[in-house]
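# Coordinate analysis (summary)
Listed here are the chains, written in short residue letters.
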Amino acid sequence: MLDLKYVLANLDAVKQNCRDRNVSTEVLDDLDRMAVLEDERKTLLQQVESVRRRQNEVAQATGKEKDAEKRTELVAEGKRLKAEVAESEDRLKVLESELKSKLGRVPNMTHADAPRGATEDESRELRKWGTPRTFDFPAKDHVELGKALNLIDFESGAKVTGNGFYFLKNDAVLLDLALQQFAVKTLVAKGFQPIITPDLARNHILEGIGYNPRGPETQIYSLEDSDLSLIGTAEITLGGMHADEILEESVLPLKYVGVSHCFRTEAGAAGRASKGLYRVHQFTKVEMFAFTVATVEASSAMHQELLAIEEEIFSGLGVPFRVLDICSGDLGGPAYRKYDIEAWMPGRGENGEYGEVTSTSDCTDYQSRRLNIRYRPTGQKGTKFVHALNGTAIALSRALIAILENYQRSDGRVDVPEVLRPYVGKDVIG
RNA sequence: GGAGAGGUGGCUGAGUGGUCGAAAGCGGCGGUUUGCUAAACCGUUAAGGGUGUCACAGCCCUUCGGGGGUUCGAAUCCCCCCCUCUCCGCCA
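Residues numbered from 1 in each chain as written. Chains lettered and ligands numbered in written order. Predicted model: local features only at pLDDT ≥ 70, side-chain atom pairs only at ≥ 80, totals over all residues. Heavy atoms only, no water.

### Thoughts on the protein's contact with RNA strand B
Within the structure, RNA strand B sits among 23 residues, and Ala59, Arg71, Lys79, Arg374 and Thr383 are positioned closest to it. The sugar and phosphate moieties of RNA strand B supply 77% of its atoms located within 4 Å of the protein. Asn56 is positioned with one of its side-chain polar atoms (N or O) 2.9 Å from a phosphate oxygen of RNA strand B. At 2.6 Å from a phosphate oxygen of RNA strand B is found a side-chain nitrogen or oxygen belonging to Thr383. Elements with a minimum of two residues in the surface near RNA strand B: helix H3 (25–64), helix H4 (68–104) and strand E13 (374–376). If one sorts the elements of the surface near RNA strand B by residue count, H3 sits on top with 10 residues. Within the surface near RNA strand B, the residues separate by chemical class into 4 nonpolar, 7 polar and 12 charged. (Near = heavy atom within 4 Å. Polar contact = N/O pair within 3.5 Å; in protein donor to acceptor, adjacent residues only side chain to side chain. Helix = DSSP H or I, 4+ residues; strand = E, 2+ residues; numbered from the N terminus. Nonpolar A, V, L, I, M, F, W, Y, C, P; charged D, E, K, R; others polar.)

Rendered as structure tokens:
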């Protein structure tokens, strides 16, 4: 969430940002209401505090008073004050929770250079890498390849778990593990600390990161009779790792590479063009996560670093891709700026299409404010909220699509990308 | 899963109804000493919020795992939850 003081002091800019971000008009109405609520809250707070002050005085005086009669009087006053303050405190709590819930719906501000626009078509293509391959034989998509080479078993996945689940088999397993190794080793060499995170997290951690575990549109599987949910990404667990902590500035930036399973209900995604591994309920992901000091310069620089690593990984794999600077209207709530990499997928659409394989977001202090992750700037008083960034190193399901489809051979088998051969242990699979 | 012991500031750790936002140590910061470093010594050092100020200062409120409760008054007593440790059980 944003800082309420910032919101109220920059109301016009925040409103314009909400329009750029394509959020519901309800949020705009809330913004006007919030100024009123905050005034009310402050007035009430001052009232409550002055009564509490008198309460404290009375309580202290009572302890010191030796005279029984005077003591009885003080106790009586204390009782009166307690009753007096109770109602105001309740109203104060109501106001605070209303403000907090309204504030939670206001999206992060947007980087000045991010393209403004309502829909994903208005995102800006920054560059392309590689040339989509032309096939001198009928190219297959990954579903056909997976079936023909006995690599991916959607039928068993549906039987055992349901639609959207799958079994990886044989060389697909080696390829999957090879990609994880490749990604983690690449990141470790760049100073990222490797982490395997839990696949479940408490709901308040999910909420802090910006996911709503409940409601009809939720992407999140939650566990009945608990406050736990299956994570949709290791961003949740890595971000939550330092919740409620005050870090020393000297430890920043913190850079993590996390491996986890990811679970998504894909509610509301039914009917959207997707087949095979592209939109599934469970996949494995190697995720980058970083905390920096609280300046846009620091987090923007880290953001570029994360993007560069993503590009390095996909160019290393030899998969053609393009880089998008995501437009304001297509940013999620916490993101200040977001870049996607879309890899060329020959089996997608009529004659191949780019499909999203990574996404990296600079969330500035939007998540850390809610998760209460601060640092102590050296030589300064007080604390600041860290900036948090995340980015996909490899999402296994989609990376498999890109590799199978781009590296297929006329004999129906699939070449293993050069960089993965040491991990897979062979040059060709299938 | 059962039994017991715990959770206190950046860290370790004292504190069992008022004089406690909280001893002591460590760490941090400032200083003295010093050729430099280290050591020693002196001082200082929680967070959030309100008010106030050009900005400081000051004054006030809240916070001792989280949430409720008892009380004029709670770190301290009671209830629920979370977590940690020890022992037992179970188990990969």
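Still more to cover.
### Digging into the domain arrangement of chain A
In terms of domain boundaries, chain A breaks down into domain 1 (4–103) and domain 2 (120–429). On a C-alpha basis, the centres of domain 1 and domain 2 stand 42 Å from each other. (Domains from an automatic or database assignment.)

### Quick notes on unusual backbone geometry
Glycine aside, residues mostly have negative phi, and peptide bonds are mostly found in the trans state. Following Leu252, the chain continues into Pro253 via a peptide bond in cis, with omega recorded as 0 degrees. Mapped onto the fold, Pro253 is located in the loop between strand E7 (246–248) and strand E8 (254–263). Even without glycine at this site, Asn170 takes up a positive phi of about 55 degrees. Considering the arrangement of structural elements, one finds Asn170 in the loop between strand E3 (167–168) and helix H7 (171–189). Residue Asn170 is classed as partly exposed on the basis of its relative accessible area, which comes to 46%. You will see that Thr364, though not glycine, has its phi angle at about 40 degrees, which is positive. With respect to the helices and strands, Thr364 occurs in the loop between strand E12 (353–362) and helix H11 (366–371). For Thr364, a relative accessible area of 5% corresponds to the buried category. (Buried < 20%, exposed > 50% of the residue type's maximum accessible area, 1.4 Å probe, protein only.)

### Some details on empty space enclosed by the protein
It is a probe the size of a water molecule, rolled over the atoms, that shows where empty space is left. As enumerated under the stated definition, the model contains 1 cavity of 30 Å³ or more in all. The volume enclosed by the largest cavity comes to roughly 40 Å³. Together, His111, Ser300, His303, Gln304, Tyr336, Arg337, Tyr339 and Asp362 line the largest cavity. Mapped onto the lining of the largest cavity, the elements with two or more residues apiece are helix H10 (296–317) and strand E11 (337–345). The element best represented in the lining of the largest cavity is H10, accounting for 3 residues. (1 Å grid on protein atoms, 1.4 Å probe; cavity = no way out; pocket = protein on both sides within 12 Å on 5 of 7 lines; lining within 4 Å. Points joined across faces, edges and corners; volume = space filled by probe spheres on them.)

### Some details on the pattern of salt bridges
This structure, assessed with the given rule, holds 32 salt bridges. A salt bridge links Arg54 to Glu57, with the shortest nitrogen-to-oxygen separation between them at 3.0 Å. Remark: Glu57 and Arg54 occur in helix H3; sequence separation between them is 3 residues, near one turn of the helix. Across the pair Asp227 and Arg202 runs a salt bridge, and its minimum N-O distance is 3.9 Å. Of the two residues, Asp227 sits in the loop between helix H8 (203–209) and strand E6 (228–230) while Arg202 sits in strand E5 (residues 200–202), which places them 25 residues apart along the sequence. A cluster of three or more residues bridged by salt bridges with shared partners is formed by Asp30, Glu98, Lys102 and Arg105. (Salt bridge = Lys/Arg side-chain N within 4 Å of Asp/Glu carboxyl O.)

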